[in-house]
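Each chain, written out:
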Amino acid sequence: MFRILAVDDEPALLELTRLFLERAGDMHVETTASPVKGLDMLLQTQYDAVVVDYEMPEMNGIEFLKAVRKRGMGTPFIIFSGRGREEVVIEAINSGADFYLQKGGNPSAQFAELRSMILQGVRRGQAETEVQWSRDLYQSIFEHTGSATTIIEGDMMISLANSEFASLTGYSREEVEGKLPWTAIVAGEDLERLKRYHRQRRVDPASAPRTYEFRMVDRAGRERDMHMTVGKIPGTDRSVASMIDISDRKRYEEELSAANEQMAAAFEEALASQGSLAAQCREMEDYQATLRGIIDFLPDPTFVLDRDGKVIIWNRAIESVTGVLKNRIIGSEARTISALTSGLLYPLFAETPLYDRQQDGIFREIHIPSPGGGEGTYHWGKAAALYDAQGKVSGAIKSFRDITESKRMEARIRRRIELERMVSSISARFIALDPADLNDALNETLRVLGSLFDLDRSYIFCFDGDLARVKEIHEWCAEGIEPQIDVLQDLPADVIARAMKQIEARKPICIPDVAALPAESAERAFFQEFGVRSITLVPVATADEVMGAIGFETARKTRTWSDEDVTLLEVVGNLVADLFSRIRAHERLQKNEERFRTLVERSHDCYIRATTTPPAIEYISPSWERLTGYPPGKHLGDPEFIEGLLHPDDREATLAHLLEPDAARLYTVRVLRRDGGYTWVEVCPIPVYADDGRLAAIEYAVHDIDAWKRTEAALIEANKKLTLMNSIIRHDILNQVTVILGHIALLQEQPLDPVVAAALEKQQTAVDIIQSQIEFTRDYQDLGAHSPRWSSIDPLVSMAVKILQPLGIRIKRDLAGVSVYADPLLSTVFTNLLDNTLRHGGGVTEIRVTAVPESGGGARIIWEDNGVGISYADKQRIFERGFGQHTGLGLFLVREVLSITAIAIRETGEPGRGARFELTVPEGGARFE
């Protein structure tokens, strides 16, 4: 006999529940109308199952459920309620309810389903208790076997490991179980062999060895020798494996083997040493001859002195550098070298190591004139002592390394660095330049360039808009050179037509000698008229505009320009072009700023600018005083004034939004007025970023919405009251409807007059319609009550499947992570579509739900099945209220929910091949991951 507790605030419904459940004789039902008393009864008596209503005065069914589970009771729990909303069902299941049954419909069938749920819950609890006992028994055996033991799945994953395995490998059980394949602990040389055993064991267990040795790699990377015993678990694809560490035994065996090998090797080495000694003697005899040959062919000039300071080696490279042949110098004293070779002065620093061992390794730079005349070469010389076998000084060696090219390169690098520093200095000055200092900066730049390059004149000229006229705007002249700036004004550009083509193409012009230009050249005549000998012009241009050029001239001598010099001058031209562009942009920005400031200060809305580093209020528009009563100047520079003006209920959420970098969205908040009241405003934060990507400031647009918010609050309050009243009335009506249906069902089980039976049938039909219409008002009253939001489709489909549990139907989904902007009641759409399939699909075995992106951020969501489909005559009527075999409210509600955000729905399936509903989401209403 099963003992059942039923809790419902409707006594008539409790009595009906008791009558139906006790009819079979295997259940005893105890009832109470008070959830609080029901909790006390659970503490005093052990029940096999609990049946609870949802809506009750003291606490609802889910709160009752949470209180039961909080006390650690696992009693099977069924919520039996008139509330069928999906969010209630999901909350009940997530809170630990075993089943959820909605009141209504045929009482006999409904109470039969309730009885079935109770029996399922009781049997499930008994089965879980037995399974847990078996699991605890085998877990204890597995854990205390004394060896490292694991369960290995068919895919080589470790599904279970005991504590000895964790201690041996260094991996925790959490890191191993279900996450680590057993191959991860096998050394590379054994991996393929063990994989082969694993495969053989699944084909023919007898073909794979039950015990074998292998090398294990623990978590720290250490290898150990292991002895493993493996067996396949009958009836499964799993194996159980036990391991024992045999590293110590293997190490002793290896050490013994190594000792034997060392003794054999030592004996062989002693025999070989006699022959090696004779070979070394022969090698020493050839050593001196080989050494002399090596030094002779060294690429660096080298000579060697003996301990008396006489030359004993003079190689070919030093012959080439000095012009002195070895037959003139070998055997001579060191002073002879200085006499024959200019640059190698006596006493030679090569002699120092002969008498001063502390001076071993001497370095010195020398210059050796060319034997045939000319510049000669620069060398880096090194002298070092030579020693005999007893460690005594036997001579000295000196070698030279030619560094002539290195010194030339060093001079060019120094020149390059000097020029680059000059360009960098110009760039730094231009970046921080105040527009008022423009003329002084350009004149100074021309002076520095002219002096550095030893010029006679440098200048900047600019073009008019169509590049037809030229005028000089800045000039520098060396001492004694006559200025030309007053003459070179408003000149026609064709006087230097060839040069202008180059400048327009943004290429430099370099003329080392003006006199070398063709005699008929216009440029030659023009330049010579002004005494120019050499000239270089670099363009001052951006990607969009050629502004002018910078000229560099000599009047007293010709000059050759290197490619590096011209490149650096081009960089200067680019810097000047950037400077001109920035000055023009600054001027335009000032004009725009004046225009926009006028617009902001006269606007009805208020604008606030807050800097982030340091945090401060930089600007508040005059309309702030109209909005709050405070003058704008009161809060400038105070970053904390906003917090003081916020309504306490809005403060935490608003401050969290104020400094969000990507918070370019609207939010509403109440701010304090000077008279002590609060006014509603709508705030739009606009982030402002610096050039380096750092958040520099946030601008806030503040709009007065106080009148609108007060109207909205009044409407919300009225709607809450109406909703509460409807909910209470609907709950009471549905309870009474359930009682009526229950007693009708009890009467119908008795022998009745046909007229009375017919009357009862009509009454039941009428009550069913009343119940359906009352339930429809619950869903319909919530349409549009809350703002639309983004909802992911896949969880909503999963929720519908979890609620309705379509047995025998395969659900295929390909939703590509789509989210839709819709009313929060979007979940009812997929629940009703699934309910429609179950009621009218006719033998459906598969449902497919897919999402296809459309242009402009729209989408098509398709719900289709393989059932009987919908006739062409009914395709448009199925969305009408009242159409169908029942009340026809499901698809009507679906269309109403979707229409709130302009989502269209239509049925496009073929009769006989299944139903197909297409939801068309408008542009901007869908997102895909």
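Remember, it's a predicted structure, so these values are computed and weren't measured experimentally. (Residues numbered from 1 in each chain as written. Predicted model: local features only at pLDDT ≥ 70, side-chain atom pairs only at ≥ 80, totals over all residues. Heavy atoms only, no water.)

## Focus: the overall build of the protein
Logical step 1: A tally of regular secondary structure across the protein gives 26 helices and 34 strands.
Logical step 2: Within the protein, the fraction of its 929 residues that count as buried is 41%.
Logical step 3: Within the protein, contacts between residues at least 6 apart in sequence are counted, and of these 56% link residues at least 24 apart.
Logical step 4: When the accessible surface of the protein is split by element, carbon and sulfur atoms take 52% of a total near 50500 Å². (Helix = DSSP H or I, 4+ residues; strand = E, 2+ residues; numbered from the N terminus. Buried < 20%, exposed > 50% of the residue type's maximum accessible area, 1.4 Å probe, protein only. Contact = heavy atoms within 4.5 Å. Areas by Shrake-Rupley, 256 points an atom, 1.4 Å probe, with all protein chains shown as cover.)

## Quick word on the sheet that holds strand β34 (residues 926-927)
Logical step 1: The strand order across the open sheet built from three strands is β27-β29-β34, with neighbouring strands paired in antiparallel fashion. Both outer strands of the open sheet, β27 (789-792) and β34, are each paired with one neighbouring strand and no more.
Logical step 2: Judged from the four bridges that link them, β27 and strand β29 (residues 819-822) form a sheet pairing that is antiparallel. Each residue of the ladder has a partner; that of R789, found in β29, is A822. (Pairing = 2+ DSSP bridges.)

## Quick word on the pairing of β29
Logical step 1: Inspection of the sheet shows β29 paired to β34 by two bridges, in the antiparallel sense. Residue pairing in the sheet places S819 in a bridge with R927 of β34.

## Examining the sheet that holds strand β30 (residues 846-854)
Logical step 1: The strand order across the open sheet built from five strands is β28-β30-β31-β33-β32, with neighbouring strands paired in mixed fashion. Whereas interior strands pair on both sides, the edge strands pair on one side only; in this sheet they are β28 (810-814) and β32 (904-907). Here the average twist between neighbouring strands, direction ignored, is 15°.
Logical step 2: Alignment of β28 against β30, held across five bridges, turns out to be parallel. Residue pairing across strands places K812 opposite R848, the latter belonging to β30.
Logical step 3: Together, β30, β31 (858-865) and β33 (916-921) form the strand contacts of helix α25 (residues 826-840), whose direction differs from that of β31 by roughly 25°. (Axes fitted to C-alpha atoms, helices over the stretch in contact; angles between N-to-C directions.)

## Some words on unusual backbone geometry
Logical step 1: A positive phi angle, near 50°, is found at A816, a position not held by glycine.
Logical step 2: Along the chain, the position of A816 falls in the loop between β28 and β29.
Logical step 3: Its identity is not glycine, yet A902 carries a phi of approximately 60°, on the positive side.
Logical step 4: Its place among the elements puts A902 in the loop between α26 (890-899) and β32.
Logical step 5: Taking the relative accessible area as the measure of exposure, A902 reaches 54% and is therefore exposed.

## As for the packing of aromatic side chains
Logical step 1: Summed over the entire model, instances satisfying the criterion amount to 13 aromatic pairs.
Logical step 2: Consider the rings of F830 and W863, whose centres lie 6.4 Å apart with planes at 40°: the pair is tilted. In this pair, F830 is assigned in helix α25 and W863 in strand β31, connecting sequence segments 33 residues apart. As far as the burial class goes, F830 and W863 line up, both buried.
Logical step 3: Through pairs of rings, three or more aromatic residues link up here, namely F20, F80 and F111. (Phe/Tyr/Trp six-rings, centres within 6.5 Å; stacked < 30°, edge-to-face > 60°.)

## Section: the confidence of the model for the protein
Logical step 1: For the protein, per-residue confidence averages 81 on the pLDDT scale, and residues scoring 70 or more make up 86% of the total.
Logical step 2: Across the protein, element-level confidence peaks in β33 with a mean pLDDT of 95 and bottoms out in helix α9 (residues 247-296) with 64. (pLDDT = per-residue confidence, 0-100.)

## Here's the deal with helix α4 (residues 86-94)
Logical step 1: Within α4, burial applies to E86, V88, V89, I90 and A92.
Logical step 2: Buried residues in α4 make contact with α3 (61-70), β4 (77-81), β5 (99-102), α24 (793-804) and α25.
Logical step 3: Phi turns positive, to about 115°, at G96, one or two residues after α4.

## Some words on the nonpolar core
Logical step 1: Core analysis: the largest hydrophobic core is formed by 39 residues, its most contacted members being I793, V829, F830 and F917.
Logical step 2: Looking at this core, the elements that each hand over two or more residues are α24, β29, α25, β30, β31, α26 and β33.
Logical step 3: In this structure, F917 is in contact with L833, N836, I861, I862, W863, I870, I878, F879, L891, I905, R906 and E907, ignoring residues within four places of it in sequence. (Core = buried A, V, L, I, M, F, W, Y, C linked by side-chain atoms within 4.5 Å.)

## Notes on the pattern of salt bridges
Logical step 1: As enumerated under the stated definition, the model contains 44 salt bridges in all.
Logical step 2: Two residues, D218 and R222, come together in a salt bridge whose shortest N-O distance is 3.2 Å.
Logical step 3: Taking the relative accessible area as the measure of exposure, D218 reaches 4% and is therefore buried.
Logical step 4: Among the ionic pairs, D650 bridges to R670, the shortest N-O distance being 3.0 Å. Of the two residues, D650 is situated in helix α21 (residues 648-658) and R670 in strand β24 (residues 667-672); the sequence distance between them amounts to 20 residues. Taken individually, D650 and R670 each receive the classification buried, so the pair is uniform in this respect.
Logical step 5: The structure contains a network of salt bridges with shared partners spanning R810, K812, E846, R848, E854, R860, E864, R906, R916 and E918. (Salt bridge = Lys/Arg side-chain N within 4 Å of Asp/Glu carboxyl O.)

## With respect to the pairing of β33
Logical step 1: Sheet analysis places β31 next to β33, joined by six bridges and oriented antiparallel. Looking at β33, one finds that W863 is bridged to F917.
Logical step 2: When β32 meets β33, the two strands line up antiparallel, connected through four bridges. Considered in β33, the bridge of A904 is made with T920.

## Topic: empty space enclosed by the protein
Logical step 1: Throughout the structure, instances matching the rule amount to six cavities of 30 Å³ or more.
Logical step 2: Taken as a whole, the largest cavity spans an internal volume of roughly 210 Å³.
Logical step 3: Forming the walls of the largest cavity are 19 residues, and the residues nearest its centre are Y459, F461, L488, L491 and F526.
Logical step 4: Contributing elements (two or more residues each) for the lining of the largest cavity: β16 (457-463), β17 (469-477), β18 (491-492), α17 (522-529) and β20 (534-541).
Logical step 5: Its residues placed into classes, the lining of the largest cavity shows 14 nonpolar, one polar and four charged.
Logical step 6: When its volume is computed, the second largest cavity comes out at roughly 180 Å³.
Logical step 7: Lining the second largest cavity are 15 residues, with I608, I642, V671, V683 and V702 sitting closest to its centre. (1 Å grid on protein atoms, 1.4 Å probe; cavity = no way out; pocket = protein on both sides within 12 Å on 5 of 7 lines; lining within 4 Å. Points joined across faces, edges and corners; volume = space filled by probe spheres on them. Nonpolar A, V, L, I, M, F, W, Y, C, P; charged D, E, K, R; others polar.)

## Topic: the packing of helix α14 (residues 404-431) against helix α15 (residues 438-452)
Logical step 1: Close contact between α14 and α15 brings their axes to 11 Å; oriented N to C, the two are set at 175°. As far as their axial angle goes, α15 and α14 are roughly antiparallel. Each of R415, E418, L419, M422, I426, R429 and F430 in α14 lies in contact with α15, whose residues at this interface are D440, A441, L442, E444, T445, V448, L449 and L452.
Logical step 2: Considering only residue class, the contact of α14 with α15 consists of nine nonpolar, one polar and five charged. (Parallel < 35°, antiparallel > 145°, perpendicular 65-115°, else oblique.)

## Quick word on the environment of E545
Logical step 1: Along the chain, E545 falls in the loop between β20 and β21 (546-554).
Logical step 2: The class of E545 is partly exposed, set by a relative accessible area of 33%.
Logical step 3: In sequence terms E545 and E504 are 41 residues apart; their C-alpha atoms lie 9.1 Å from each other.
Logical step 4: Apart from the residues within four sequence positions on either side, E545 is in contact with R506 and R584.

## Considerations on the packing of helix α2 (residues 35-44) against α3
Logical step 1: Interhelical geometry of α2 versus α3 gives an angle of 25° and a closest axis separation of 11 Å. One way to sum up the angle between α2 and α3 is to call them roughly parallel. Seen from above, α2 lies across α3 with right-handed handedness. Contact with α2, carried on its side by P35, G38, L39 and L42, involves F64, A67 and V68 of α3 and no other residues of that element. (Left-handed = near helix turned anticlockwise from the far one by under 90°.)

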